[in-house]
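Results of the structural survey
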Amino acid sequence: MLLTKAEIEARTITEDGQVFLQKAAQDGLETVWDRYQAQKPQCGFCELGLSCRNCSMGPCRIDPFGEGPQRGVCGADADIIVARNLGRMIAAGAASHSDHGRDLVEVLRKVGEGHAPGYTIRSEEKLKKVAAEFGIAADGKTPADLAVELAHAMEEEFGTRKKALTFLGRVPEKRRAIWDKLGITPRGIDRETSEMMHRTHMGVDNDWQSLLLHGLRNALSDGWGGSFIATEVSDILFGIPQPVPSEVNLGVLKENQVNIVLHGHNPIVSEMIYEAAQDPELLALASEKGAEGINLAGLCCTGNELLMRRGIPMAGNHLMTELALSTGLVDMMIVDYQCIMPALGEIATCYHTLMISTSDKAKFPHMAHHEFHPETAQSKARELVRMAVENYERRLPAKVLPAPNTPTRMMAGFSVEAILGALGGSPAPLIEAIKSGAVQGAVGVVGCNNPKIRQDFGHVTLTRHLIENDILVVDTGCAAVAHAKAGLKVPEAAALAGPGLQQVCKSLGIPPVLHMGSCVDNVRILDLAAALANALGTDISDLPLAAAAPEWYSEKAVSIACYAVASGIFTVLGTPPPIFGSPKIVKLLTEDIEGLLGASFAVEPDPEKAAARIEQHIRQKRKALGL
């Protein structure tokens, strides 16, 4: 059924999204927005966190109005059930990021052993730096030998018997003292996740405060462990991102070229596809088929990984994945894992698109499975690119609709190293800009899209308000793509900022919204915050910083939000988390935790009100610092 103009505008603020929502409807597709409407009303018990299916005595639910059952069959009350559910969300998010990191460590080891043709060490500088942090001397060792030794040390981090993770060496002393006092210093990554699942089994930890504390410890094992490893090893293998121009929106799909779209989160597959797409033999084959080249485009965080290092354009963020297929221009979509909707394969059957899954741990309906392994990734990538080229001739002209808008220009690649480089090698100029008030503070706006919120509205509205008030925004993931589509990631966007931030951006030639990478790369924001705090000899929680996830949906986002708060960063969520069935837990996480961690959560669906809360928080932090 066709959509009305009002229905389309209620779903997304993006011009290309509005065009292709109607195209998808004309083609008879059921999109994520349609499925969300079909699910309404969603379960109120689940939204409040008051349902439990952890054992077969249940499922159980607690009546939030006090008229029905107040305990599950086992006797768990609302507080215990909400804490258990939140703990399991954190564990799932931490496991996802950390398993991503483990896959990269495996490639690093095989590169060192000579068993991963096509992969190499692109940053010996970072290899040596990280190895030194793990106590491994580089003297006299080849990069390959050092890679093997570092990989072995990192593999130990997942189940380490040490009392603390290695990357905690970058955490300010005051923050580590807080964690030690609370007993939440993260140990082995797998240990914390396993312990969270154990504690939430029926009949184990039934103290909601104790469960929440371990949830924070588990999240910290992600932030300062699994995700940190993922980002650092990606830099070692594929290079440290540097500022790079690119483009974004569905206009990056080319009518006259073979379009291969890369979707998911891990760069292991996409980097090999990038190399194969440069192959002269495959480019010649594309020419034989009538195409003028092989065009790669990204979706979600696999796209962000390629964008940050290679400048590969972005087709869109999470809610654009189905609409990208509806252009009829995608000759192949290659997925790895995370945030890949299982509906994609069936939608692709309406077009000529070849759908390819590549991970041994992520298979999907209606997709051909071509498993990638480090030993054979190079040849597998060439095979897939060849298949995509040969599929170009099978496009269905009647179903093709190029995007009406031209791609939006953007700049990405702001790693911590790139930011410090732009500042002359140290954080001192940024600190001085904050002290002078030219930059009032900095906020990480991160996270996903969620069909419950008008696509990109939360991200863009919040960020526009922040930069107008001289607050620098750093971003990652789907939020970064939303900002890019809105034109906030070009140096000219400085004109939209307040006078102080505008002057800083113009002097450095940077946008007021800095793209720091994929969702595991939120640790780059942590790393930068820690570097600022260490330079000032203080704690992260003392700085005029905040974080926001206006449109989050995934368990990974829950883990990210928890490690941000546990690291001392005030964090505002746009989508309410499933905790409101327990007033005690809401009070702890939004008020009382401030006294323990120097930071807390806030929940504010209205992005303009969220901006006001963040600005108030930054003013308070500045006042406390005497600024």
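Residues numbered from 1 in each chain as written. Predicted model: local features only at pLDDT ≥ 70, side-chain atom pairs only at ≥ 80, totals over all residues. Heavy atoms only, no water.

The protein carries the name Carbon monoxide dehydrogenase in an unreviewed UniProt entry, which gives Desulfosoma caldarium as its organism. Under the heading Cofactor (unreviewed entry), UniProt records this for the protein: "[4Fe-4S] cluster". UniProt, in the comment section headed Catalytic activity (unreviewed entry), describes the protein in these words: "CO + 2 oxidized [2Fe-2S]-[ferredoxin] + H2O = 2 reduced [2Fe-2S]-[ferredoxin] + CO2 + 2 H(+)". (UniProt positions renumbered as here; feature names shortened; annotations may be inferred.)

Turning next to the domain arrangement of the protein. You can read the domains of the protein as domain 1 (78–237), domain 2 (244–399) and domain 3 (414–625). Between the C-alpha centres of domain 1 and domain 3 the distance comes to 23 Å. Counting residues at the interface gives 36 residues for domain 1, matched by 40 residues for domain 3. Per-residue buried area on domain 1 facing domain 3 is highest for M89, H97 and R175; these three make up 19% of the total on that side. There are five salt bridges connecting domain 1 and domain 3. With its nearest N and O atoms 2.9 Å apart, the salt bridge here joins D527 to R170. Applying the counting rule to domain 1 against domain 3 returns 15 residue pairs in polar contact (both at pLDDT 80 or more). Looking at side-chain class alone, the side of domain 1 that touches domain 3 contains 22 nonpolar, seven polar and seven charged residues. (Domains from an automatic or database assignment. Contact = heavy atoms within 4.5 Å. Buried area = accessible area lost by both parts, 1.4 Å probe. Salt bridge = Lys/Arg side-chain N within 4 Å of Asp/Glu carboxyl O. Polar contact = N/O pair within 3.5 Å; in protein donor to acceptor, adjacent residues only side chain to side chain. Nonpolar A, V, L, I, M, F, W, Y, C, P; charged D, E, K, R; others polar.)

Moving on, we come to the side chain of R309. Checked against the element boundaries, R309 lands in helix α13 (residues 300–310). Engagement of the side chain of R309 in a polar contact is seen with the backbone oxygen of G239, the distance being 2.6 Å. If sequence neighbours within four positions are ignored, R309 has contacts with T231, S234, D235, F238, G239, P241, E271 and R524. (Helix = DSSP H or I, 4+ residues; strand = E, 2+ residues; numbered from the N terminus.)

Once that is clear, we can look at the nonpolar core. Among the nonpolar cores identified, the biggest contains 163 residues, and I273 and I614 are the most heavily contacted of them. Residues A24, I340, L344 and M367 belong to the second largest nonpolar core, which totals 38 residues. (Core = buried A, V, L, I, M, F, W, Y, C linked by side-chain atoms within 4.5 Å. Buried < 20%, exposed > 50% of the residue type's maximum accessible area, 1.4 Å probe, protein only.)

Attention now moves to the layout of surface pockets. Roughly 1,500 Å³ of volume is contained in the largest pocket. Along its surface, the largest pocket is lined by 42 residues, and M89, K452, Y553, E555 and P578 are the ones closest to its centre. Going through the elements one at a time, α3 (32–39), α4 (44–47), β1 (51–52), α5 (78–113) and α23 (555–566) are the ones with two or more residues in the lining of the largest pocket. In terms of residue count, the dominant contributor to the lining of the largest pocket is α5 (six residues). For the lining of the largest pocket, the per-class residue count stands at 21 nonpolar, 14 polar and seven charged. Taken as a whole, the second largest pocket spans an internal volume of roughly 290 Å³. (1 Å grid on protein atoms, 1.4 Å probe; cavity = no way out; pocket = protein on both sides within 12 Å on 5 of 7 lines; lining within 4 Å. Points joined across faces, edges and corners; volume = space filled by probe spheres on them.)

A word on the UniProt feature "binding site: [4Fe-4S] cluster 2" (unreviewed entry) in the protein. The UniProt feature table records "binding site: [4Fe-4S] cluster 2" (unreviewed entry) at C52, C55, C60 and C74. In three dimensions, the annotated residues from a span of 23 residues occupy one location, with a maximal C-alpha spread of 10.5 Å. Of the annotated residues named above, the ones that line the largest pocket are C52. Tracing the backbone shows C55 in the loop between β1 and β2 (60–61). Take C55: its relative accessible area is 29%, and that puts it in the partly exposed class.

What holds strands together in a sheet is hydrogen bonding between their backbones, with the strands either parallel or antiparallel. Spatially, β13-β12-β11-β14-β15-β16 is the arrangement adopted by the six strands of the open sheet, whose pairing is parallel. Two strands close off the open sheet at either side, each with one partner strand: β13 (513–515) and β16 (601–603). Each adjacent strand pair in this sheet contributes to an overall mean axis angle of 25 degrees, direction not counted. Inspection of the sheet shows strand β12 (residues 471–475) paired to β13 by three bridges, in the parallel sense. Paired with D475 across the bridge in β13 is H515. (Pairing = 2+ DSSP bridges. Axes fitted to C-alpha atoms, helices over the stretch in contact; angles between N-to-C directions.)

Here the focus is the packing of aromatic side chains. Scanning all chains against the criterion turns up five aromatic pairs. Ring geometry for W224 versus F228: centroids 5.4 Å apart, planes at 20 degrees, classification stacked. Residue W224 and its partner F228 are both found in helix α10 (residues 208–238); the two are separated by four residues, about one turn of the helix. Note on W224: relative accessible area 0%, which makes it buried. (Phe/Tyr/Trp six-rings, centres within 6.5 Å; stacked < 30°, edge-to-face > 60°.)

UniProt records the feature "binding site: [4Fe-4S] cluster 1" (unreviewed entry) for C43 in the present numbering. Topologically, C43 is positioned in the loop between α3 and α4. Residue class for C43 comes out partly exposed when judged on its relative accessible area of 36%.

Before going further, it helps to spend a moment on empty space enclosed by the protein. Scanning all chains against the criterion turns up five cavities of 30 Å³ or more. As a volume, the largest cavity reaches approximately 470 Å³. Of the residues contributing to the lining of the largest cavity, the split by class is 33 nonpolar, ten polar and one charged. Estimated volume of the second largest cavity: approximately 210 Å³. Lining the second largest cavity are 18 residues, and of these L86, V558, C562, L573 and F601 sit closest to its centre. For the lining of the second largest cavity, the secondary structure elements donating two or more residues are α5, α10, α23, α24 (583–597) and β16. Per-element accounting of the lining of the second largest cavity gives the leading share, four residues, to α23. Residues belonging to the lining of the second largest cavity are distributed by class as follows: 16 nonpolar, two polar and no charged. Each of domain 1 (78–237) and domain 3 (414–625) gives at least three residues to the lining of the second largest cavity.

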